[in-house]
Amino acid sequence: MNTIEHWIDGTATSAGSTRTAPVFDPATGKRQSDVLLAEASDVDTAVAAASKAFGSWGESSLSQRTKVMFAFRELLVTHEDELARIISSEHGKVVDDARGEIVRGREVVEYACGIADALKGSFSGQVSRDVDVHDFRQPLGVVAGITPFNFPIMVPLWMHPIAIATGNTFVLKPSERDPSASNFVARLYAEAGLPDGVFNVVHGDKTAVDALLDHPEVAAVSFVGSTPIAKYVHERGTASGKRVQALGGAKNHAVVLPDADLEYAANHLTAAAFGSAGQRCMAISVGVAVGAAGDKLVEILERKAREVKVGPGSDPASDMGPVVTEAARERVVNAVAGGAEQGASVVVDGRGLRVPGHEEGFFVGPSLLDNVTTDMAAYREEIFGPVLAVVRAETVDEAIAIINANPYGNGTAIFTGSGEAARKFQREVKVGMIGVNVPIPVPMSYYSFGGWKDSLIGDSPIHGPEGVRFYTRAKVVTTRWPHTSTAAAFTFPTSS
Ligand code: NAD
C-alpha cells in the first residue's frame with residue numbers, strides 16, 4: 001500500500017508520523033493508499049522549516065516572487081491533465097470537472113503574478129510643511145491553510161499563491177480524504193524555483209489542526225470547510241492571537257421567477273445541483289420556485305435529473321461521479337429518506353442507483369424533492385450531495401424572506417427576465433455572492449470570495465484584494481528631512 005508523506009523543507013518525508021488514514025477510490029470503493037497523520041511534533045518541524053525560510057523569502061524582491069509565480073502558473077498548465085486525474089481518482093469528480101477547478105485555482109496564481117501592482121502603497125506629499133506620508137504592507141511570517149476535500153487543488157490555491165507572493169511562508173494541512181494533489185503542487189513549486197521551506201504540506205486530522213492553531217510561530221490561519229469546524233478554528237485561532245479567516249458551509253438557493261426562461265433555468269439548476277455530485281460549496285441545493293413557475297419547472301427538472309449520466313469520474317461519458325466516502329453516501333440516502341418521511345414529494349429518487357461494474361463505489365443518483373418546507377431537515381441541513389430540494393413561494397418577496405431566514409449566506413441566484421426583480425433581489429438578499437441568471441457565481445480571482453452569516457466566520461473573505469490584505473500588515477510612515485533645527489513643541493502635532 002502506497003503511503004502519502006508530508007512535504008517539509010523541499011522534500012517528501014514521514015517526519016515522525018506513524019498514524020495513517022485510508023484514502024479511497026470512490027468509484028471502486030477500494031482503499032488505494034494511506035496518508036500519514038501528523039503529530040504536533042511533525043507540525044513543529046514544518047513550522048520550523050517555514051520560519052527559517054521566512055528569513056530570506058520575506059526579504060525577497062517582488063520580481064523574484066513574481067518570477068516564481070509565472071513559472072508555477074506554466075507548470076500548472078503543463079500538468080493539468082495529470083493533476084486532474086489525481087484529483088478525480090481520490091475525490092471521485094469527473095476529470096473535466098477537476099480540470100475546471102484547476103483552471104479556477106490557476107486564476108488566483110495569475111492574480112498573484114501581478115502582486116507588485118496589488119502591493120503598491122500610497123503617498124501623500126506635503127501633508128504639513130516639509131512632511132510626507134506613505135504606507136506599505138509587509139508579510140506576516142508563517143501562515144497556515146486548512147482545507148476541505150471538495151476542491152483539493154482550487155481551495156488551497158485560493159490561499160497559498162497570495163500568501164507566498166506577498167512574502168509569507170506557508171504550511172498547508174489539506175483534507176486527509178484526497179491529499180495527493182497537494183504534494184504534486186509542492187513539487188511544481190520546487191520546479192518553479194520556490195526556495196525550500198516556503199511551501200510545506202502536513203497531512204493530518206484534528207491533531208495537526210490543533211497544533212497549527214496553537215503554534216506561537218503561526219501568525220495567521222486560513223480555513224475553508226464546514227461551519228462547525230470553521231467556528232471552532234476561528235475561536236481557537238483568535239484565542240491564541242492569530243489572524244483567522246474561516247469560510248464555512250452553505251445552503252444555496254436559486255430563485256426562479258415565472259418570467260424566466262424555464263428551460264434555461266432548469267438546465268443551470270440541474271448542473272449546479274448535481275455537478276460534482278452536489279459537493280460544491282456553491283452548489284445549488286434549494287430551488288425556490290415562485291408562483292406559476294412551480295409545476296412547469298419541476299416537470300423540466302425531473303426530466304433533466306433523470307438524464308444525468310452517473311459513472312466513474314475517469315469515464316468521459318459521465319456527468320457526475322460518486323460522492324467521496326461511504327459515510328457521505330449514507331448521509332445523502334438518509335436525507336432523502338428523511339425528506340420523504342417529513343412530507344416532501346420524492347420526484348426523482350437516487351438512492352437505489354447502482355453503476356454496473358462499480359457496485360462497491362460510493363454512488364448515489366440525483367434526487368429531486370418537491371414541496372419541501374423550511375422546517376424539514378432536508379431543507380435545514382447541508383446535505384452536501386446530489387439532492388435538489390424545491391420550495392414553493394408565492395412572490396419574490398417571500399423567496400427573499402426564505403433566503404434571509406436561512407442561517408447560511410454563501411451564494412444565491414435568481415433566474416428572471418426582469419431587471420427590476422433582479423435589482424431588488426441583489427439589494428435585499430443577505431448573501432455574499434449573487435448570480436443573475438448565473439447559477440454558481442464564484443467571483444473571479446481579482447474579486448474576493450466569501451459568504452455572509454454562517455458561511456463566513458469573522459470578516460475576512462478570501463483571495464483577491466482581501467487576500468492581499470489578510471496576508472499582510474500595513475505601516476504608515478510620516479517623514480520630515482529637517483534642514484533647520486526647531487525647538488521642542490509639547491502640544492499634540494497638527495498640520496500647518
Ligand atoms: P470539514 O469541515 O470536515 O474539514 C475541513 C478541514 O478541517 C479538513 O482539513 C479536516 O481535516 C479538518 N477537520 C475536520 N474535523 C476537524 C476537527 N474536529 N477539528 C479540527 N479540524 C478538523 O469539511 P469537508 O467535509 O472536508 O468539506 C466540506 C465542507 O466544506 C462543506 O460544509 C462545504 O460547504 C464547505 N466548503 C465551504 C467553502 C466555502 O468557500 N465557504 C468551500 C469549500 C467547501
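None of these values were measured; they are calculated from a predicted model. (Residues numbered from 1 in each chain as written. Predicted model: local features only at pLDDT ≥ 70, side-chain atom pairs only at ≥ 80, totals over all residues.)

1. Focus on the sheet that holds strand S4 (residues 20-25)
Here is step 1 of the chain: Strand order in the open sheet formed by three strands is S1-S5-S4, and the pairing between neighbours is mixed. Among the strands making up the open sheet, the edge pair consists of strand S1 (2-4) and S4. Pairwise comparison of adjacent strand axes, ignoring direction, gives a mean angle of 40° for this sheet.
Here is step 2 of the chain: Relative to strand S5 (residues 30-36), S1 is paired through three bridges, and the arrangement is parallel. Bridge pairing links Ile4 to Val35 in S5. (Pairing = 2+ DSSP bridges. Helix = DSSP H or I, 4+ residues; strand = E, 2+ residues; numbered from the N terminus. Axes fitted to C-alpha atoms, helices over the stretch in contact; angles between N-to-C directions.)

2. What to know about the pairing of strand S9 (residues 169-173)
Here is step 1 of the chain: Most of S9 sits out of view: five of its five residues are buried.
Here is step 2 of the chain: Burial along S9 is two-sided: Thr169, Val171 and Lys173 and Phe170 and Leu172, pointing in opposite directions, are all buried.
Here is step 3 of the chain: One crossover worth recording links strand S8 (residues 142-146) to the parallel S9 by way of helix H6 (residues 154-165), and it is right-handed.
Here is step 4 of the chain: In terms of strand pairing, S9 meets strand S10 (residues 199-201) through three bridges, oriented parallel. Across the sheet, Leu172 pairs through a bridge with Val201, a residue of S10. (Buried ≥ 20, exposed ≤ 12 C-beta atoms within 10 Å, placed from the backbone. Right-handed = clockwise from strand over helix to strand, strands pointing away.)

3. Quick word on the domain arrangement of the chain
Here is step 1 of the chain: Taken as a whole, the chain is organised into domain 1 (3-248 + 455-477) and domain 2 (252-436).
Here is step 2 of the chain: Put simply, the middle of domain 1 and the middle of domain 2, counted by C-alpha atoms, are 31 Å apart.
Here is step 3 of the chain: Listed as interface residues are 17 residues of domain 1 and, on the opposing side, 23 residues of domain 2.
Here is step 4 of the chain: Sorting the residues of the side of domain 1 that touches domain 2 by element identifies helix H3 (80-91) and helix H4 (95-113) as the ones contributing at least two each. (Domains from an automatic or database assignment. Contact = placed C-beta atoms within 7 Å.)

4. Examining the sheet that holds strand S17 (residues 387-393)
Here is step 1 of the chain: In space, the seven strands of this open sheet follow the order S15-S16-S17-S14-S13-S19-S20, with mixed pairing throughout. Looking at the sheet topology across the chains shown, the edges are occupied by strand S15 (345-348) and strand S20 (433-436). Shown here is a sheet whose adjacent strand axes are inclined to one another by a mean of 20°, direction ignored.
Here is step 2 of the chain: One ladder, built from five bridges, connects strand S13 (residues 252-256) with strand S14 (residues 284-290); its direction is parallel. Bridge pairing in S14 places His253 opposite Val286.
Here is step 3 of the chain: Sitting on the sheet, helix H10 (residues 262-274) is in contact with S13, S14, S17 and strand S19 (411-415), with an inclination near 155° to S14.

5. A closer look at the UniProt feature "domain: Aldehyde dehydrogenase" (unreviewed entry) in the chain
Here is step 1 of the chain: Feature annotation in UniProt assigns "domain: Aldehyde dehydrogenase" (unreviewed entry) to the following positions: residues 17-477.
Here is step 2 of the chain: Secondary structure over residues 17-477 splits into 41% helix and 22% strand, and the C-alpha atoms at its two ends are 46 Å apart. (UniProt positions renumbered as here; feature names shortened; annotations may be inferred.)

6. Observations regarding the packing of H4 against H6
Here is step 1 of the chain: Their axes nearest at 8 Å, the elements H4 and H6 cross at an angle of 10°. It follows from the interaxial angle that H4 and H6 lie roughly parallel. Like other packed secondary-structure pairs, H4 and H6 cross with a definite hand, here right-handed. Residues Glu101, Arg104, Gly105, Val108, Val109 and Ala112 of H4 lie in contact with H6, whose contacting residues are Met154, Leu157, Trp158, Pro161, Ile162 and Ala165. (Parallel < 35°, antiparallel > 145°, perpendicular 65-115°, else oblique. Left-handed = near helix turned anticlockwise from the far one by under 90°.)

7. A word on H6
Here is step 1 of the chain: When the terminal C-alpha atoms of H6 are compared, their 17 Å separation across 12 residues agrees well with the 16 Å that a helix rising 1.5 Å per residue should span.
Here is step 2 of the chain: Among the 12 residues that make up H6, 12 are buried, leaving the element largely enclosed by the rest of the structure.
Here is step 3 of the chain: Turning to H6, its buried residues number three or more, namely Met154, Val155, Pro156, Leu157, Trp158, Met159, His160, Pro161, Ile162, Ala163, Ile164 and Ala165.
Here is step 4 of the chain: Of the residues one or two after H6, Gly167 is the one with positive phi, at around 105°. (Expected span 1.5 Å × (residues − 1).)

8. Things to note about unusual backbone geometry
Here is step 1 of the chain: Of note in the backbone geometry, Asp9 takes a positive phi value of approximately 55° without being a glycine.
Here is step 2 of the chain: Here Asp9 is to be found in the loop between strand S2 (6-8) and strand S3 (11-13).
Here is step 3 of the chain: Even without a glycine there, the phi angle at Asn371 is positive, about 55°.

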